[in-house]
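Given next are the chains, with one letter for each unit.
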Amino acid sequence: MDSPIWDTLPATERSAVDALIQRDHRIAAVARLREALPAGSRPGLHETLAVVAERYRELGLRFERYPTPPLDPARLAEEIAALPGRTVAIEALWDGDTDGWFVELVAVMDVAPAEHRLATIRHGSDMRLFNGTVPPWPEAQEAETVGRALAERFDVPFRFADPLRAGSV
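Residues numbered from 1 in each chain as written. Predicted model: local features only at pLDDT ≥ 70, side-chain atom pairs only at ≥ 80, totals over all residues. Heavy atoms only, no water.

Caption draft 1: Representation of the overall build of the chain in the model. If you tally the helices and strands in the chain, you get 7 helices and 4 strands. Put simply, the chain runs from its N terminus to its C terminus through helices and strands in the order α-α-α-α-α-β-β-β-α-α-β. Intrachain contacts of the chain at a sequence separation of at least 6 include 50% that bridge at least 24 residues. By element, 56% of the accessible surface of the chain is carried by carbon and sulfur atoms, the whole surface being about 9,600 Å². (Helix = DSSP H or I, 4+ residues; strand = E, 2+ residues; numbered from the N terminus. Contact = heavy atoms within 4.5 Å. Areas by Shrake-Rupley, 256 points an atom, 1.4 Å probe, with all protein chains shown as cover.)

Caption draft 2: Representation of the sheet that holds strand S4 (residues 158-160) within the structure. Strand order in the open sheet formed by 4 strands is S3-S2-S1-S4, with mixed pairing between adjacent strands. A single partner strand is all that each edge strand has here, and the edge strands are strand S3 (115-121) and S4. Between one strand axis and the next, the sheet turns through 25° on average, direction left out of account. In terms of strand pairing, strand S1 (residues 87-97) meets S4 through 3 bridges, oriented parallel. When the sheet's bridge partners are listed, Ala-92 is paired in S4 with Phe-160. Those strands touched by helix H5 (residues 73-81) are S1, strand S2 (100-109) and S3, and its axis lies near 165° from that of S3. (Pairing = 2+ DSSP bridges. Axes fitted to C-alpha atoms, helices over the stretch in contact; angles between N-to-C directions.)

Caption draft 3: Looking closely at the pattern of salt bridges. As enumerated under the stated definition, the model contains 9 salt bridges in all. The salt bridge partner of Arg-75 is Glu-79, with a shortest N-O separation of 3.0 Å. With Arg-75 and Glu-79 both in helix H5, this residue pair falls 4 residues apart, about one helical turn. Exposure remark for Arg-75: the relative accessible area of 41% places this residue in the partly exposed category. (Salt bridge = Lys/Arg side-chain N within 4 Å of Asp/Glu carboxyl O. Buried < 20%, exposed > 50% of the residue type's maximum accessible area, 1.4 Å probe, protein only.)

Caption draft 4: Representation of the packing of helix H3 (residues 26-35) against helix H4 (residues 45-58). The N-to-C vectors of H3 and H4 enclose an angle of 120°; their axes lie 9 Å apart at closest approach. Classified by the angle between their axes, H3 and H4 sit oblique to one another. Between H3 and H4 the crossing geometry is right-handed. Counted together, Arg-26, Ala-29, Val-30, Leu-33 and Arg-34 of H3 and Leu-45, Thr-48, Leu-49, Val-51, Val-52 and Tyr-56 of H4 form the full contact between these two elements. The residue inventory of the contact of H3 with H4, partitioned by class, reads 8 nonpolar, 1 polar and 2 charged. (Parallel < 35°, antiparallel > 145°, perpendicular 65-115°, else oblique. Left-handed = near helix turned anticlockwise from the far one by under 90°. Nonpolar A, V, L, I, M, F, W, Y, C, P; charged D, E, K, R; others polar.)

Here is the structure:
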């Protein structure tokens, strides 16, 4: 890897950063890389993130998140049926992390723990916002389609407080 930032790191720190990357702890790897350098010569966040992304590729790993595979409603229904208690609702919830937005599909039960995550739906990073390929948010479409089907199967309400789509609450 040809990087002046990486080249300045001691071998022990390189190994530590690579170990974090192998476990897909990208933010921890960025922090470790930055903290390993003297305060006066630390690169900026963007430069450090670029080095970590290159390390991912050097180690044969993909830095960009994969889209999640299509949901299997029959498998999810079996998972819901195996949960303790009675299903009282199916919900879709927007969430996000350092890679962008995604939707969580959740079964709400009448016994604790009340919420059980069924699936995370991600169809790409937020880079889609910048290259104009996001709308109409395929994560929301899949969550709504599968969530409604599961809710109908269990005869419970489906809730999706989706500010991007009118009438889906």
